[in-house]
Amino acid sequence: MKSLLLVLVPLVAAALAALWPWNRTRPWFLPAAGLVHTVLSFWLFFNPPAVEQAAWLAFDPLARAVLPVVSLLFLVCAWYGVSYLRIRGERPNRVFIAALLAVLGLLSAGHQARHLGLLWIFTEAVTLAAVPLLHFNGTPRAFEATWKYLLVGGTGIALSLLGSLCLGYASLHGGGDGNLTFVALIEQGAGLSRPWVLIAWVLLLVGYGTKMGLAPMHTWKPEAYGEAAGIVGAILAGGVTSVAFTAILRVRAVVGAAGQGAIADHTLLAIGLFSMLVAALFLLGTRDFKRMLAYSSVEHMGILTLGASLGRAGVAAALFHVWTNSLTKGTLFLSAGNIRRAAGSASMDAVRGMSVITPRSAAIFVTGMFAVTACPPFGPFFSQLCVLRAALETGHGAATAMFLGCLLLAFFGLTRVVFGIVDGRPRTAAKVDRKRFVETAGVLLPPLVLLGLSLWLGLFLPRVLSDAWFAAAAQLYPTP
Amino acid sequence: MMNSNLNLLIGLAMGLNLLALGTSRLPALIRAMSAQGVILGVMPILMGHELDWQVVLVALATVAGKGLLIPSLLRRAMRTAQIDRELEPQIGFVASMLLGAAGTIAALALTHQLPLLPEHTGSLLVPGALATVLTGFILLIGRPKAISQVCGYLILENGIYLFGLLLIKAMPLLVEAGVLLDLTVGVFIIGIIVDRIQRAFDSLDTRKLTTLHE
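Residues numbered from 1 in each chain as written. Chains lettered and ligands numbered in written order. Predicted model: local features only at pLDDT ≥ 70, side-chain atom pairs only at ≥ 80, totals over all residues.

A short note on the overall build of chain B
When its secondary structure is counted, chain B shows 8 helices and 0 strands. Counting every position in chain B, which comprises 214 residues, the buried fraction comes to 46%. Of the contacts made within chain B by residues no fewer than 6 positions apart, 74% connect residues no fewer than 24 positions apart. (Helix = DSSP H or I, 4+ residues; strand = E, 2+ residues; numbered from the N terminus. Buried ≥ 20, exposed ≤ 12 C-beta atoms within 10 Å, placed from the backbone. Contact = placed C-beta atoms within 7 Å.)

Here is the structure:
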C-alpha cells in the first residue's frame, strides 16, 4: 500500500498545485511533496515490503535499488526550485510545478512497474508530462528544443510500444495466456518464440534507449538539456533516464530467460561503448557548457549500459553508478544553472571569468566536474571502478581499454569547457550585470548537498546500499 | 471469409501509405491519413471476435481520434499557422514512393520468415503493419514541415495499431495503451498552435529549427 502512496502523493500534490491560486507560495508544494516522498521511499528501503509475485506494481528489489536516489534528487532539486522560481517570479509557474510533481509520481510508478504494458504507459506519460518543463522559458529556442525532444522521444516511445507488442506476440505464440507481467514472461522463458523475442529486444532497446539518450538516438538531449532550466536538466538526467534504464534491465531479464542473453549482452556492450565514444568526441568539440552536460550524460548512460551487459556484478555496479551519477549530475546542473543565470549565456565564447563573478557556484561546478570525471574520492570514481572490475572479471579486455580511453577523452573535453568559462578575466559587460544574480544560500546549498552526498557515497558507502544493488541484480539474474 | 474482408481493408490502408508518400499537397496528406484512421478503426469489428465492449470501445476511439479529431485539429493548426500547402520534400515524391513500395515487398518477404499463429497465417496484418511503420518513418525523415512530420508520426502510429490488432483479444490493455500515442500527437498539434499564438514563426519549417546546431 505504501508503495502506491509513492505514486499518489506526488500526483495529488500536482493536482493541488494546479488548483492553488497563489503564484508566490505555490513553489512550496515541491519540497513538501518531495519530503514526504523521500521519507516514504527510505522507509520502504529500510523495511522492504513482501512483494507479491503477480503484482503489477510493487516496491520490488529493483525499484528499491533505484527509487530512493530519485526521490533524494527530487527533494534537493525541489529545495533549489523554491529559490529558482522566486528569481523567475515574473513567469507563471502553475503548469511547471504541476508537471514537475506529476513527473515524480509517474517516475515512481515506472520504477515499480512489473508489467510490460504498465511500464510503457508510465514511460510515455513521463515523456508527455516533461513537455511543459522544457517549454517553461517560452523562448523560440525552448520551443525548438521541446519539439525535438517530443519528436525524437515520441518516436522512441512508439518503437518501444511496437517492441512490447512483439514481445506480447512472442508470448502468445509460445502458448502464453496473455499475462504480460515480467514474472510470467520470465517463467515462460524458452517457450517464447525466438525470432519475435529478438525483434522485440531490438525495438525495445532502441525505444527505451532513446528515452535514456544512448547514441545514436541521443540527438534530443543536447537541445533539451541545453535549453531547460538547471532543475529540469537535473531531474531529466538523474530521474527520467533511470526509469528507461531499469526498463531495459527488466526486458533484458526476459530476453535472458528466453535463452538469448548472450545476444542481448553483445548489443548492450556495443551500444554502451558507442555512446561513450560519441559523447567523448562531442565533448571535445562543444562550446556550450550546458550542452556539455548533456553529452556527459550520454557518456554516463553508455557506462550504465556497458555495466548492464556484464552479468550480475556488472548490473550491481551499474545500479551503484545510477546513484553516483544522479547525485553528481544534479550538482553540475544546478551550479551550471546559477552560472548560466549570472553570465546570461551558456557559450564559452561569451562567458569568461566566472570564478570572479560567481565564485561559489564556480567552485561547486569545478569540483562537480572533477567528481563526474571519476576523480577519487567522489562516488563516480568507485562506481566506475566497479564497472571496470566487472568488465575485467568477465574477460572484456578490449572493452575495458576503450572504456578508459573514452573516460580520458571526456576528461579533456570537460576540463576544456569548464576552465574556459571559469578562468580568465570577466567581460566588462558581465561585471555590470553582476547584480542580476545574487548567490544566496537557496541556490548554493542544494548543489553543495548533492556534491556532499556524492562524496559520502564514495567514502562511506553503507553496506545496506550495496546489498540492495546486489539483491536487484539477483532479481534480474536468478542464476549467476 | 473474415480474413479476406480484413485483408481487403489492410490492402486499402497500404495503398493509402503510397498515396501519402506520393502527394505533394498537405491537405491531401491529411486526407489520406484520416481515411487510413477510419479504415483502421472499423477493422477490430470485422475481425470476427464476438463483439465485447472493449473491442467496440477501441474501434470507436480509433475512428473518432485518428479519423476525425486529429485531422480536424491539424486542419485548424494549418489555418492558424497559415502554412503553405505545398510540401517541400527532402526525399523526393517518386523516391519516397519507390522506397515505400520496396519496403512493402520487404515486409511481405520478412513475414514469411516469421513464425505466426495458425489464425494469423495468410493475414496481411503483419506485413501491413511493418509497411505502415516504414511509411511513417520515411515521412518523418523526408518531410521537414512540422505538420507533415506530425502526419508521419500518425502513420507510424497506425502501423503499430495494425500490429496491435493481432493481440487485441489476448492483451487488450497493451493495445488500448496505444491511445496514449494519439495523446502525443495531440501535444504536437497543440504545440504548433500555441507556438503560433505566442510568436511569429516564418513557415513552421523544421529545417529552420537550426539555431541550436553544433
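As for the overall build of chain A
Counting its regular elements, chain A contains 20 helices and 0 strands. Taking 23 Å as the expected radius of gyration for a compact globule of 480 residues, we find that chain A reaches 21 Å, a close match to that expectation. Expressed along its principal axes, the backbone C-alpha trace of chain A runs to roughly 70 × 55 × 40 Å. In chain A, which comprises 480 residues, the proportion classed as buried is 63%. (Rg over C-alpha atoms; globule rule 2.2 N^0.38 Å.)

Thoughts on unusual backbone geometry
All names here are of chain A. A cis amide bond, omega 0 degrees, links A215 with the succeeding residue P216. For P216, the location among the structural elements is in the loop between α9 (194-212) and α10 (220-227). Positive phi outside glycine occurs at A374, with the angle close to 65 degrees. Structurally, A374 is set in the loop between α15 (359-372) and α16 (379-393).

Overview of the interface of chain A and chain B
At the junction of the two partners, chain A supplies 35 residues and chain B supplies 34 residues. Elements that contribute at least two residues to the side of chain A that touches chain B include exactly α5 (116-129), α7 (140-173) and α10 of chain A. Examining the composition of the side of chain A that touches chain B, we find that 20 residues originate from one element, α7 of chain A, more than from any other. A class-by-class count of the residues in the side of chain A that touches chain B yields 18 nonpolar, 13 polar and 4 charged. (Nonpolar A, V, L, I, M, F, W, Y, C, P; charged D, E, K, R; others polar.)

Concerning the nonpolar core
Residue and element names in this part refer to chain A. Of all hydrophobic cores here, the largest spans 254 residues; its most connected members are L73, L101, V103, V126, L162, I235 and L319. Per-element tally for this core: the top contributor is helix α11 (residues 230-285), with 29 residues. Leaving out residues up to four positions away in the same chain, V103 has contacts with V126, A129, A130 and I235. (Core = buried A, V, L, I, M, F, W, Y, C linked by C-beta atoms within 7 Å.)

Observations concerning α7 of chain A
Residues and elements named next belong to chain A. Under the 1.5 Å per step criterion, the end-to-end length of α7 is 49 Å for 34 residues, consistent within 8% with the ideal 50 Å. A large share of α7 lies buried, amounting to 31 of its 34 residues. With its phi angle positive at about 90 degrees, G175 sits one or two positions after the end of α7. (Expected span 1.5 Å × (residues − 1).)

Side note on helix α13 (residues 311-343) of chain A
Residues and elements named next belong to chain A. When the terminal C-alpha atoms of α13 are compared, their 45 Å separation across 33 residues agrees well with the 48 Å that a helix rising 1.5 Å per residue should span. Of all 33 residues in α13, 30 are buried; the element is thus mostly enclosed. Directly beyond the C-terminal end of α13, a positive phi value near 80 degrees is found at G344.

A short note on the packing of helix α2 (residues 26-46) of chain B against helix α6 (residues 146-164) of chain B
Residue and element names in this part refer to chain B. The contact between α2 and α6 brings their axes to 10 Å, and the two run at 20 degrees. Looking at the two axes, α2 sits roughly parallel to α6. Remark: the crossing between α2 and α6 carries left-handed chirality. Mapping the contact onto sequence places L26, L29, I30, M33, Q36, G37 and L40 in α2 and I147, S148, C151, L154, I155, N158, Y161 and L162 in α6. For the contact of α2 with α6, the residue count by class is 11 nonpolar, 4 polar and no charged. (Axes fitted to C-alpha atoms, helices over the stretch in contact; angles between N-to-C directions. Parallel < 35°, antiparallel > 145°, perpendicular 65-115°, else oblique. Left-handed = near helix turned anticlockwise from the far one by under 90°.)

Here we look at the environment of A18 of chain A
Residues and elements named next belong to chain A. Note on placement: A18 falls in helix α1 (residues 2-19). The spacing of A18 and A98 is 80 residues in sequence and 5.6 Å in space, taken between C-alpha atoms. Excluding residues that lie within four positions of it along the chain, A18 makes contacts with R94 and A98.

Quick word on the packing of α16 of chain A against helix α19 (residues 441-459) of chain A
All names here are of chain A. Between α16 and α19, whose axes approach to 7 Å, the crossing angle comes to 45 degrees. Between α16 and α19, the angle is such that the two are oblique. Taken together, the residues of α19 that come into contact with α16 (itself represented by G379, F381 and F382) are S454, L457 and G458.

Topic: the confidence of the model for chain B
All names here are of chain B. Taken as a whole, chain B shows an average pLDDT of 83; of its residues, 87% reach a score of 70 or greater. Taking the mean pLDDT of every element in chain B, the minimum, 74, falls on helix α8 (residues 179-198) and the maximum, 92, on helix α5 (residues 125-142). Across the interfaces of the predicted complex, the ipTM metric reaches 0.89, alongside a pTM of 0.93. (pLDDT = per-residue confidence, 0-100.)

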